[in-house]
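# Observations on chain architecture
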Amino acid sequence: MITTGKTRLRAVFIGTLLGLGACVADAMAFESPQDGVYTDRIDWGMTADMSGPASAAQAPWGHGFQTAIKAINEKGGVNGRKINVLTEDTRYDATVERVAYDKFVSQTPTLGTSGMGNSSAQTALVPLIKRNKLPVIGTYTTAKVAIDPPTPYFYGGFCGFKEMAQVGIGFFTDHLKLQSPKVALVHLDVASGKEYSSYVEAAVTARGGTVKSIPIKVVAADATPQVLEILAMKPDYVAIHGVPTTAILVIKAMKQYGIDVPAFAITYLGTPGVYENLGPDAGKNYYFVSCFSPASSDPKAAAEMAAAADKAGFGPLKDDINFVAGWVVGTTVAQAIAKVGAEPTREKLADMLNAGFTANTSGLSSELKYTAADHEGLHGLKPLNYDYSAKAFKSYGDYKDFDKYLK
Amino acid sequence: MLSQFIFSGLALGSIYGLVALGFTVIYKATQVFNFAQGMLMVCGAYFAVTASIHLGLPFPLTIAFILVGAGILGIAIYFLLIKPLGGQALLPMIMITIALSIILRAVIELIYGGAPLTLRLPLPSGVFVLGDVRISQLHVTAAVVSWLCMLLFIVFFRRSRAGLLMRATADGYEAAVLSGIRVDRINAAAWAIGTMLAAIGGVFLCQLQLVSVELENIGLLALPAVVIGGLQSVPGAILGGLLVGLIEQLASGYISPKARDIFIYVPLLLILFIRPWGLFGQKELGRV
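Overview of the structure. (Residues numbered from 1 in each chain as written. Chains lettered and ligands numbered in written order. Predicted model: local features only at pLDDT ≥ 70, side-chain atom pairs only at ≥ 80, totals over all residues. Heavy atoms only, no water.)

## Comments concerning the overall build of chain A
Across its full length, chain A holds 13 helices and 14 strands. With respect to the three principal axes, the spread of C-alpha positions in chain A is 100 × 45 × 35 Å. When the 407 residues of chain A are sorted by exposure, 57% land in the buried category. With an accessible surface of roughly 15300 Å², chain A has 57% of that area assigned to carbon and sulfur atoms. Computed over 39 positive and 39 negative side-chain charges, the inter-centroid distance for chain A is 3 Å. (Helix = DSSP H or I, 4+ residues; strand = E, 2+ residues; numbered from the N terminus. Buried < 20%, exposed > 50% of the residue type's maximum accessible area, 1.4 Å probe, protein only. Areas by Shrake-Rupley, 256 points an atom, 1.4 Å probe, with all protein chains shown as cover. Lys, Arg positive; Asp, Glu negative; His and termini not counted. Charge placed at Lys NZ, Arg CZ, Asp CG, Glu CD.)

Printed below as a string of structure tokens:
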């Protein structure tokens, strides 16, 4: 049989198409319901305090995560499958977090889960995470016990408390040209608060300074007792751990008592809502340290996120550090699933991350990298505050400029 | 430092007293132990958000909107939930108010979302300096408005015809009905006033921090205030609120924030054991 070159080319083309079609069909045929993987979708769990005392910070995170996944699904999903997010509102309740986790493990199995923003719950769940082998990727808080040493199947997704303390203390001590800083630390009396307190103490002591820990309740109506302690101590600067209300109460009370020293807060409290509530007078001396960049501090890097946020109806949140964090985790999860290939399972996902995985966060965060020895992911941070006249967040350098403080 | 704690405690206590007064008004009129009082306070904060942010009303109209909204809410609660179950035992009535609180929370979260909101009303935000004591102008405003509301209510309760009818109804339901008093109107008015007082408290609390359903946890401090002061006593509710505010500040300041609850609820337990009708309440006498 004689064939022309054109006919042969056509045959090769059709054969290739058929081959590709067969591969896609094969991939689409793959199902692993016990891993939350189906022919047309992948189920993924998300827990966040969408209501409750921590919702001012965590609800924007949840919206950021959902917006990222929605944007990815609109582009066709991951390897031909849509990601179906199963959301559980944990309402700042460790027991609800536990119930939600169990649900994702076996009742409505998911390929993995993200969020888990209650540090006390996370600490308690570490043994279960090891045993149940459900990857927890991109947590909203990273408890020390979960990453030091690395817990199998656990991968952080937020700036670490240790790094927040080191960069915050390092920057303000140098910025204010202090030899031995006197630092007042206001913190919630929860696992993460105690952990942060120990890191602040270590960072201040390393610089020959002194620190006073001042606890506050999450549902406090007033911060007068805490601020009077600050007044008596006369610190060089103040460190704040808590929820947005904590920062508002403390900074407002500091202004009331004429305490004119800078204060820096953990990443979670660097939201437009806090600055808006404080106003320019009180807010000008309020900083936070972050491994994420709010949209207004780097509009170029945030262009895609900002457009997706506007489209999803979350436009006002794009400058919220927590929304950015949720977006970064959402895109990281999608990239990780994509890298595993057409037949993802929980086991393969964890193996891939342990082999070394770097997410492309488009400049919205410092480097996010997981290895077998490092499950924390994010390390670099920078100080920021809000420029009321420009109505934009302002960062005090690049992440790398502050690596010198990390130990 | 002590004087500072006392001033802050009295300012916060005034807000608690206002919410507690609303609680007492409702209890005196309808004998309902209203566990939804904290959430009615939250509703006040969200009425302010609606008026000021969503409707863009000027401040005086915002206040009017809050008061009218709270009044209508109180009347609706009475006619839809309380009146149909009038005469029921204590437990079903308590369960109704707990359910009401849960429903109101869910409705607010559905309408406004779960995330807290920022509301800046044109209220004073500076500081008065008196010697070593620095007093927040917002605290002073909250205390002054609370006291004015309390005073206004006491005058209304003691001097007006409606107040007289309200007292008559509270003292003897059957006698009031037999005398031709339109008890439903009186009770609905009591719920409206109680809700309005709670709403004013909510407006001040949300100025101290954020507008959130979690303000309910702070508003619920009105419950120990009324139990300590006396469920049936108007001055008792006010003084109970002040006492709770003072205890909160002193315990948090001198011991620990966690000590606050111990120092509020241990006296409450002692009072329930020794003088269940409260410090300023009257012992109820049963006739055989």
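## Brief notes about the overall build of chain B
Looking only at helices and strands, chain B has 12 helices and two strands in total. Helices and strands in chain B line up, N terminus first, as α-α-α-α-β-β-α-α-α-α-α-α-α-α. In terms of overall dimensions, chain B is globule-like: its C-alpha atoms have a radius of gyration of 19 Å, near the 19 Å expected for 288 residues. The principal-axis extents of the C-alpha atoms in chain B amount to approximately 60 × 45 × 35 Å. When burial is assessed residue by residue, chain B has 54% of its 288 residues classed as buried. Put simply, of all contacts in chain B between residues at least 6 apart along the chain, 73% involve residues at least 24 apart. Accessible surface computed for chain B: about 12900 Å², of which carbon and sulfur atoms make up 70%. Side-chain charges of chain B comprise 16 positive and 10 negative groups, with the mean position of each set lying 9 Å from the other. (Rg over C-alpha atoms; globule rule 2.2 N^0.38 Å. Contact = heavy atoms within 4.5 Å.)

## So, the packing of aromatic side chains
For the structure shown, the criterion picks out 35 aromatic pairs over all chains. Each ring, one from Y46(B) and one from Y112(B), has its centre 4.7 Å from the other, and the planes form 45°; the classification is tilted. Placement of Y46(B) in helix α2 (residues 37-54) and of Y112(B) in helix α4 (residues 90-112) is noted, with a sequence separation of 66 residues between them. When its relative accessible area of 3% is taken as the criterion, Y46(B) is described as buried. The ring of F30(A) carries K348(A) above its face, with NZ or CZ at 5.8 Å from the centroid. (Phe/Tyr/Trp six-rings, centres within 6.5 Å; stacked < 30°, edge-to-face > 60°. Lys NZ or Arg CZ within 6 Å of the ring centre and 35° of its normal.)

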